[in-house]
Structures are given as structure tokens and as C-alpha cells.
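Take a look at the letters that make up each chain.
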Amino acid sequence: MSLRVFIADDEEPARSRLRELLGDIAGEVATTVAGEAGHGLEALERIPASGAQVLLADIDMPGMGGLELARHLAGLERAPAVIFVTAHDRHAVEAFELNAIDYLLKPVRATRLAAALKKAARAAPPDRDQLAKAAQGAREYLSVVERNRILLVPVRDIVFLRADQKYVTLRTAEREHLIEEPLVALEREFAERLVRIHRNCLVARAAIRGFERNPGDEEAQWLVVLDGVAEKLPVSRRQWPVVRELVSDK
Amino acid sequence: MPSIRQNAHSDVLPDFRNLGVIARLLVAVNAVAFVAALLGSANLAQGAERFARSAAVLEPLLLAVVLSLASVSTLLGRLAYPAGCAAVITIVLALTAAAHAAIGALDSGAAPDLARMLVLAALIAAALLGYFYLLAKAYSPALTEARLQALQARIRPHFLFNSLNTVLSLIRRDPKRAERALENLADLFRTLMSDARQFVRLADEISLLERYAELEQLRLGDRLRITWEIDGAPSDALMPPMVLQPLLENAVYHGVEPGTGVGEVLVRIELRGARVLASIENPYIEEQQKRAGNRMALENIRERLMLFFDAEARLTTRAAQARYRVEIEMPYRVDAPSVARSGTA
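Please read all numbers here as calculations on a predicted model, not as lab measurements. (Residues numbered from 1 in each chain as written. Chains lettered and ligands numbered in written order. Predicted model: local features only at pLDDT ≥ 70, side-chain atom pairs only at ≥ 80, totals over all residues. Heavy atoms only, no water.)

A. View of the overall build of chain B. Per the secondary structure count, chain B includes 12 helices and seven strands. Taken across its 345 residues, chain B has 46% of its residues classed as buried. Of the contacts formed within chain B by residues at least 6 apart in sequence, a portion of 77% connects residues at least 24 apart. Surface summary for chain B: the accessible area is close to 16,800 Å², and the carbon and sulfur share equals 61%. (Helix = DSSP H or I, 4+ residues; strand = E, 2+ residues; numbered from the N terminus. Buried < 20%, exposed > 50% of the residue type's maximum accessible area, 1.4 Å probe, protein only. Contact = heavy atoms within 4.5 Å. Areas by Shrake-Rupley, 256 points an atom, 1.4 Å probe, with all protein chains shown as cover.)

B. Focus on the pattern of salt bridges. For the structure on display, the rule yields 40 salt bridges over all chains. The residue A:Glu11 makes a salt bridge to B:Arg219 at a minimum N-O spacing of 2.3 Å. Here B:Arg219 lies in helix H9 (residues 202–220) and A:Glu11 lies in the loop between strand S1 (3–8) and helix H1 (12–24), a pairing that spans two chains. Per residue, the accessibility class of A:Glu11 equals that of B:Arg219, and both read buried. One salt bridge connects B:Glu281 with B:Arg325, and the closest N-O pair in it is separated by 3.5 Å. One end of the pair, B:Glu281, is in strand S5 (residues 275–283); the other, B:Arg325, is in strand S7 (residues 323–331), with 44 residues separating them in the sequence. Given the relative accessible area of 17%, B:Glu281 is considered buried. (Salt bridge = Lys/Arg side-chain N within 4 Å of Asp/Glu carboxyl O.)

C. Structural context of the sheet that holds strand S9 (residues 168–172) of chain A. Residue and element names in this part refer to chain A. If you walk across this open sheet you meet the five strands as S10-S9-S8-S12-S11, and the pairing is antiparallel. Strands at the two margins of the open sheet, each flanked by one partner only, are strand S10 (176–179) and strand S11 (194–198). Sheet twist, expressed as the average angle between the axes of neighbouring strands with direction ignored, equals 25 degrees. (Pairing = 2+ DSSP bridges. Axes fitted to C-alpha atoms, helices over the stretch in contact; angles between N-to-C directions.)

D. Up close: the sheet that holds strand S4 (residues 81–86) of chain A. All names here are of chain A. Strand order in this open sheet of five strands is S2-S1-S3-S4-S5, and the pairing throughout is parallel. The open sheet has two free edges, formed respectively by strand S2 (31–37) and strand S5 (103–105), since each of these has just one partner strand. Adjacent strand axes in the sheet meet at a mean angle of 25 degrees when their direction is disregarded. With five bridges joining them, strand S3 (residues 54–58) and S4 adopt parallel strand pairing. Residue Asp58 lies in a different strand from S4, and its bridge partner there is Val85.

E. Structural context of the nonpolar core. Residues and elements named next belong to chain B. Ranked by size, the top nonpolar core spans 56 residues in total, and within it Leu244 and Ile269 carry the most contacts. For this core, the element with the highest residue contribution is H9, accounting for nine residues. The contact partners of Leu244, leaving out residues within four places of it in the chain, are Leu202, Glu205, Leu209, Met239, Ile269, Ala278, Ile280 and Ile328. (Core = buried A, V, L, I, M, F, W, Y, C linked by side-chain atoms within 4.5 Å.)

F. Focus on the interface of chain B and chain A. Facing the 22 residues of chain B at the interface are 19 residues of chain A. Buried area between chain B and chain A, summed over both chains or domains, comes out near 1,800 Å², and the portion from carbon and sulfur atoms is 47%. Where chain B touches chain A, the interface holds four salt bridges. A:Asp10 is the partner of B:Arg223 in a salt bridge, and the nearest nitrogen-oxygen pair spans 3.1 Å. Here chain B is connected to chain A by five residue pairs in polar contact (both at pLDDT 80 or more). Going through the elements one at a time, helix H7 (157–173) and H9 of chain B are the ones with two or more residues in the side of chain B that touches chain A. With 11 residues, the single largest contributor to the side of chain B that touches chain A is H7(B). Tallied by class, the residues present in the side of chain B that touches chain A amount to seven nonpolar, seven polar and eight charged. (Buried area = accessible area lost by both parts, 1.4 Å probe. Polar contact = N/O pair within 3.5 Å; in protein donor to acceptor, adjacent residues only side chain to side chain. Nonpolar A, V, L, I, M, F, W, Y, C, P; charged D, E, K, R; others polar.)

G. Representation of the packing of aromatic side chains within the structure. A full pass over the atoms with the stated rule returns 11 aromatic pairs over all chains. On the numbers, 6.2 Å between centres and 20 degrees between planes, the contact of B:Tyr284 with B:Tyr324 is stacked. In this pair, B:Tyr284 is assigned in the loop between S5 and helix H11 (294–309) and B:Tyr324 in strand S7, connecting sequence segments 40 residues apart. A connected cluster of aromatic rings, assembled from ring pairs, spans A:Phe84, A:Phe96 and A:Tyr103. The residue whose ring lies beneath B:Arg156 is B:Tyr253, and the NZ or CZ to ring-centre distance is 4.1 Å. (Phe/Tyr/Trp six-rings, centres within 6.5 Å; stacked < 30°, edge-to-face > 60°. Lys NZ or Arg CZ within 6 Å of the ring centre and 35° of its normal.)

H. Spatial organisation of helix H2 (residues 44–71) of chain B. Residues and elements named next belong to chain B. Over its 28 residues, H2 runs 37 Å from end to end, which matches the ideal 40 Å to within 8%, given 1.5 Å per residue. By the burial criterion, the buried members of H2 are Gly47, Phe51, Ala55, Leu58, Leu61, Leu62, Val65, Val66, Leu69 and Ala70. Looking at the buried positions of H2, the neighbouring elements they touch are helix H1 (19–39), helix H3 (73–78) and helix H4 (81–106). With a side-chain oxygen positioned 3.2 Å from the backbone nitrogen of Ala45, the residue opening H2 is Asn43. (Expected span 1.5 Å × (residues − 1).)

I. Spotlight on the environment of A:Ala74. All names here are of chain A. Positionally, Ala74 belongs in the loop between helix H3 (66–73) and S4. In the structure, Ala74 is positioned 54 residues away from Arg128 in sequence and 6.1 Å away in space, judged by C-alpha atoms. If near-sequence neighbours (up to four positions away) are discounted, Ala74 is found in contact with Ala79, Arg128 and Leu131.

J. Layout of a nonpolar patch on the surface. On the surface, B:Phe34, B:Leu38 and B:Leu44 cluster together into a nonpolar patch covering about 260 Å² of accessible area. If you trace the backbone, B:Leu44 turns up in helix H2. (Patch = residues over 30% accessible without salt bridge, like charges linked within 9 Å, V, L, I, M, F, W, Y side chains within 5 Å.)

The structure is reproduced here in C-alpha cells:
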């Protein structure tokens, strides 16, 4: 049975080179090209329906790089294994080594490609935590998987994130999504953009319009008034000094 | 071949036609005069007034000295260093004596003591010659060379490996284009590894730009669209090597590669008066902030321009209306400024 491979690279010659190499090693590893994409967003759109088992992803693509692409794909039920490809990204390479993530250097050698594909066919795809550790910056999007489709929510659209029992509710001005990531990790990743106002709640700094008194609640005497949503969120007594400070800086 | 090396000998008089040298002269002499005025005064107001009065004599004299030195700079350069220094001091003394005579003719009562004026002028001239000597020493050939080597433009490894990958992809499909791409790559690296101290002709730098652009075009295809406005470029102008190529590389790296659409790049080189203007414009992509290294490349080029042209070259950048623009302005020179100086080219 041949391995279904998806190629994501923004340079056409690089994609055609990989196709050529896949042809060269067909005797060793049989593959079918399941699809191609010229940038990360396009790849994200096409991969779920392509049935790809392995993704060859360039790290440095416009719109969305390979690492963020892989992080969103990890939410899929049948996420493809990912082999990263880079011409020269020392930081990424170090991070991959550190987190045992497979990668290839451009120009790619046929033997290395064959070995990586064989390994990828056996191994489980890198999990989210592994990828998150290897990533160098915050993502541009959060993703929600809905019926084998990946829905992206731009991080700049977030108004607040609130943890309930098992999920985190992501609120934008338009609608609500449920995501499966721990609030603590999100707080760390988006520290520049989001501020914790309560044990279970992060709010976009830019969306804070002001505060209102919250009479009758000892634990949370203030409410945050937000742009874009009518709901007012309680600020815990513990977070109040931090939040107030932030806003007076504005 | 003209080279910057001759510029840097410490036992050579400064080039009095150079704007940087002239500016240093004007500032230094006025600073000395101001300090002198302050020392002889009871308070700041009195000092300022005294300085203003002395300026009436000092400024015309200083101007005459600067103009005379500039006009005979080439001749001075042919003299041995001690003779050159003697000639400079003689010129200064002669002009000072002339100034003294002129003041005497205008108002016989106001003329200061001639001997005092001459000694002061000689001392200041000698001090400035010493300053220029030390300055030249600080930029001595060894140091200048080391700095230039360190500053030698580097092509991003990112570009090298991606280009090699492009060539590999062409070898089977289109061997002719693969050959051409390798030739272009060889030319780029030959220039890159060449002597960073040599001036090059603008025409050579432009052909390098075109070779580089051709390689990027292969790699990026329709995503890269370069418009060339270089008909007015003076092909014989001399400049440091690898000044424009890194700018075009920046434009592609920061302005085209991070975008998903078509990136329009504009290259414009023209002669305006006695100055060569070169500008490169590319789309300003917010995300380019994530790609580091732009500032360093610009600082590098700026410093190399300074080593070659002192204060006469300028590099400016501007980001407006979603476009990013780098502009270089340098003097239009067809002969290296220092060739006459050392006598050996």
C-alpha cells in the first residue's frame, strides 16, 4: 500500500523537487502525492479531505509557517505525521533536535527522505505539546475541529477565554467556540495579548473598555466591561491590582 | 584598481575636498575660538559677545583657508607628508597675515597684534593636523581592512540553500536554465568573496543585481515582480561593492517572501546633479517584523558607505502606505578620491 504524502512549500521548484525525489525512491517507499499547497493556510484547508498520512512541510511559508500548521493539524482525529523541511533555520533545527521531531534540510537527499518517510509511517505524529515546545513564537490562530474540518480563529479576534469544566470557551465579538487547550498554556503563549482577570478567565487587553462596581460580591468587587460583547466579567480580588495597573498604563 | 587602502594611510594629509574633513575643520576652529572667548570673559553673555566680535575676523579667514586648501588639495597630496604639513601651515600663516593687513586697512585702530595672530593660527593648524593624523591612524589600513572584512556583505544561507534546491529541481526538467542559474550563483559568490576594499563600477553592481534577481525569479516565480528604472544610472560611477545587492535581497526576504500574493519591487537608480541616488522599494508586510536581521544589514551597509565616502553618503529608510523604501545617496565619482593622493593606483 502506498503512503499518501502531502507537500506544503511556497516555492514551486522546491515542491517539484520533492515530487521528483518521491519518484526516485518509489522502489524503496511507495508513495502517492495526496496534494500540494503553496502556503500554510491553503494546506490546512486541503489536508483533512486529502487523506494524507504524511505531511512534508516547509517551515518558512507565508501566511502560516509549517510549525503552526502542524499544531493545528494535531487536533484532527487522523492527523498526518509531519516531516519538517527547512533550508536554514538554526533555531528551528535546534528545537526539533531537542524535542525529537523529524526534519529534513534542503536540498533534500533521497536517502534521508526515504528514511524519514519509513519512520513517519510507523511512528505516531508529534503531539501538541511536543510541537508547542518546538515552536518559537505565539500562534496567529487558535483552531477548532468541527467534523473533520479545521476552523481557524485569529488570535486578534479573541475577546476572552474562560475555562469551564473540561473545555475553554473562546469568545469573539461574533460567536463562541469550545477549545481543548489548558488555560495556563494559553496564558503563557499569549501573555502579550491576554491578561488574567480571574482564576478561570483571560481577557484581551485591547478589548477592555472599563470597569464597573460589582456590589454584593466580596470575592470580586469589580466587573470588566468589554468591547464587542455585552457580558461583564468579574475580576478576582487577587487579580484586581494587576488588571487595574494595566489599564491605567493604556 | 582604485582601492580604499590608499585612503587610509595615516601619514597622508586629509582630503580637504571631503565634506567630512571640512565640517570637522569648521567645528573644531569655532569650538577653540568659543572656548578662548569664554576663558577671557567674566560671564557667558560677555563670552558670547566676545566670540561674536572675533567671528568677524575669524569666519572670513577660516573660509579663505578652507577654500584655499580645498583648491590645492590635489597638489598637496603629491607632496611628502612633512612637506605637505609645512605647506598647509604656510598657507594658513600667509592667509592670516593677509587678514591682518586687511583689518589694518579697514580700521587701523582695531588691528590686533600680528605676531599673536600668527602664533595662534600656527598652533591651531598644527593641532588640527595632529588630530587628522590620529584620526587617519584610527582608520589605519590594518584596522580599516579588518573592519571591511568583518563588514563584508554576506548572502543569507537561506538564499544559498534555497537557490541550490531550485537548481536541483531544474536539472532534469530544464538543464539550460539550471546551467544559467549556476553561472549566476557563481558570479554572486565571486563578488561576495572578492576584495571588500575595492571600488566597483555601478554597472558591475547593477549586473550583479540582475543576476541575483534572475535567481530569485526562478525560485519565486510569479510571486516576485521587479520593475527596473535604471536608464538614468551613471554606469561609470564608483562605489563600494555589494551595497545594492543586499538591499534587493532584503526587499525580497522581508517584502515578498512573507506574502502570499504578488510582491512588487521597484529598483530605481539615477544621477541627480553630482549625486547618485539608488532606491529600492518593496511591500511593507507587518509580519516581516518577525524576520530578524534587516537592521543589521542596513547598519553594515551604512558603515561601509561611511568608510568609503565619509559624511558624503547617506542611507535612509521609510515605511509608509504599505511600502518600505531604502534610499542611498552617494557622491558621483568616476575616479577614486584617493588615487592622486598616493600616486599609485
